[in-house]
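Architecture and fold: a report
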Amino acid sequence: MLAALESEARRLRQAIDDHFDAHPPLKRDRALLKSIPGIGPALSARLVATLRSRDFRSARQAAAFLGLVPVLEESGTSVKLRSRLSKAGAPGIRRKLYMGAVVAIRRNPDISDQYARLKARGKPSLSALGAAMRKLVHLAYGVLKSQSEYRPQGA
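The following refers to the structure shown.

1. Structural notes on the overall build of the chain
For the chain, the helix and strand inventory stands at 7 helices and 2 strands. Moving toward the C terminus, one meets the helices and strands of the chain in the order α-α-α-α-β-β-α-α-α. Along the first, second and third principal axes, the C-alpha set of the chain runs to 55 × 45 × 30 Å. Counting across all 155 residues of the chain, residues that qualify as buried make up 34%. Summarising the internal contacts of the chain: among those between residues at least 6 apart in sequence, 58% fall at separations of at least 24. Taken as a whole, the chain presents about 9,700 Å² of accessible surface, with 55% of it coming from carbon and sulfur. Taken together, the 29 basic and 12 acidic charged side chains of the chain have centroids lying 7 Å from each other.

2. Points about the layout of surface pockets
If you add up the space inside the largest pocket, you get close to 710 Å³. What lines the largest pocket is a set of 22 residues, among which Ser83, Leu85, Leu126, Ser127 and Gly130 lie closest to the centre. Counting residues per element, the ones that place at least two in the lining of the largest pocket are β2 (79-85), α5 (91-107) and α7 (125-146). For the lining of the largest pocket, the leading source of residues is α7, giving 8 residues.

3. Brief notes about the packing of helix α1 (residues 2-22) against helix α2 (residues 24-34)
For any two helices packed against each other, the geometry is given by the interaxial angle and the distance between the axes. As a packed pair, α1 and α2 sit with axes 5 Å apart at the nearest point and diverge in direction by 110°. Considering their axes alone, α1 and α2 lie roughly perpendicular with respect to each other. Side by side, α1 and α2 meet where Asp17, His19, Phe20, Asp21 and Ala22 of the first sit next to Pro24, Leu26, Lys27 and Arg30 of the second. Residues that form the contact of α1 with α2 fall into these classes: 4 nonpolar, 1 polar and 4 charged.

4. Notes on unusual backbone geometry
The backbone of Lys87 sits at a positive phi, close to 55°, despite the residue not being glycine. Relative to the assigned elements, Lys87 resides in the loop between β2 and α5. A relative accessible area of 57% places Lys87 in the exposed class. Residues other than glycine seldom take positive phi values, yet Gln147 does so here, at roughly 55°. Tracing the backbone through its elements, the reader meets Gln147 in the segment after α7. Since its relative accessible area comes to 30%, Gln147 is described here as partly exposed.

5. A few points about the side chain of Arg94
Relative to the helices and strands, Arg94 resides in helix α5. The buried category is assigned to Arg94, whose relative accessible area is 11%.

6. Notes on the pattern of salt bridges
Counting across every chain of the model gives 4 salt bridges. Its salt-bridge partner being Lys27, residue Asp21 comes within 3.6 Å of it at the nearest N-O pair. Of the residues examined, Lys27 reaches a relative accessible area of 43% and is grouped as partly exposed.

7. Looking at the environment of Tyr141
Topologically, Tyr141 is positioned in helix α7. By relative accessible area, which is 13% here, Tyr141 ends up buried. Between the alpha carbons of Tyr141 and Lys80 there is a distance of 33 Å; along the sequence they are 61 residues apart.

Rules and cut-offs
- Chains are numbered independently. Their residues run from 1 in the order of the written sequence.
- Given that the model is predicted, a residue must reach a pLDDT of at least 70 before its local features are reported, and side-chain atom pairs must reach 80 or more before they are shown or counted; all residues, however, enter totals for whole chains, interfaces and linings.
- Computation of side-chain values covers all heavy atoms of the structure but excludes hydrogens and water.
- Numbering goes from the N terminus for both helices and strands, where a helix is a DSSP run of H or I of at least four residues and a strand is a run of E of at least two.
- Remark: exposure states derive from per-residue accessible area (1.4 Å probe, protein chains only) relative to the maximum for the residue type, with buried under 20%, exposed over 50%, and partly exposed in between.
- Residue contacts are counted whenever heavy atoms from the two residues lie within 4.5 Å of one another.
- Surface accessibility in these figures is a Shrake-Rupley result with a 1.4 Å probe; residues are shielded only by whichever protein chains are displayed.
- Charged-residue counts in this description rest on Lys and Arg as positive and Asp and Glu as negative, His and the chain ends being excluded.
- A single reference atom marks each charge: NZ on Lys, CZ on Arg, CG on Asp, CD on Glu.
- The way it works is a 1 Å grid over only the protein atoms, where trapped points that fit a 1.4 Å probe form a cavity and open points with protein on both sides within 12 Å along at least five of seven lines form a pocket, and then any residue with an atom within 4 Å of a point lines it.
- Grid points are joined across faces, edges and corners, and a volume is the space filled by probe spheres set on the points.
- The axes are straight lines fitted to the C-alpha atoms, using for helices just the contacting stretch, and the angles between their N-to-C directions are given from 0 to 180°.
- Angle categories: roughly parallel below 35 degrees, roughly antiparallel above 145, roughly perpendicular from 65 to 115, and oblique for all the rest.
- Residue type decides the class: Asp, Glu, Lys and Arg count as charged, Ala, Val, Leu, Ile, Met, Phe, Trp, Tyr, Cys and Pro as nonpolar, and the leftover types, Gly among them, as polar.
- Any Lys or Arg side-chain nitrogen located within 4 Å of an Asp or Glu carboxyl oxygen qualifies as a salt bridge.

Written out as structure tokens, the structure reads:
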């Protein structure tokens, strides 16, 4: 059974790659997303599908759709809890963005700088990682909108 499932997974990955190869604009979008450190083949395919399936007016709107906006937990003067992610969107892409953000913290200068700044201000690791996920979506949106490869902000 395991061998059959692995075979089916390989077949599906190949079908996805074939679909991108058959559509040059999608293939270009995927290549542009892969130019961002932290975005690999699986995440790039999912981001192209998500960001091109709807007409987002801004990167903030795309991040909100994916459930990556912070929600403040405040009620009067007595309740002030830590903020959390809204988690309003599909959990599957957030899982992929989580792993992409973990890689981006090590490999992407923009995201690693942001992560270090947030940690220095005393933010918890998961809050800083959520901000990295959001930044990754903003970078992906910008790359697709401008149709140019990723360039670090310092460059």
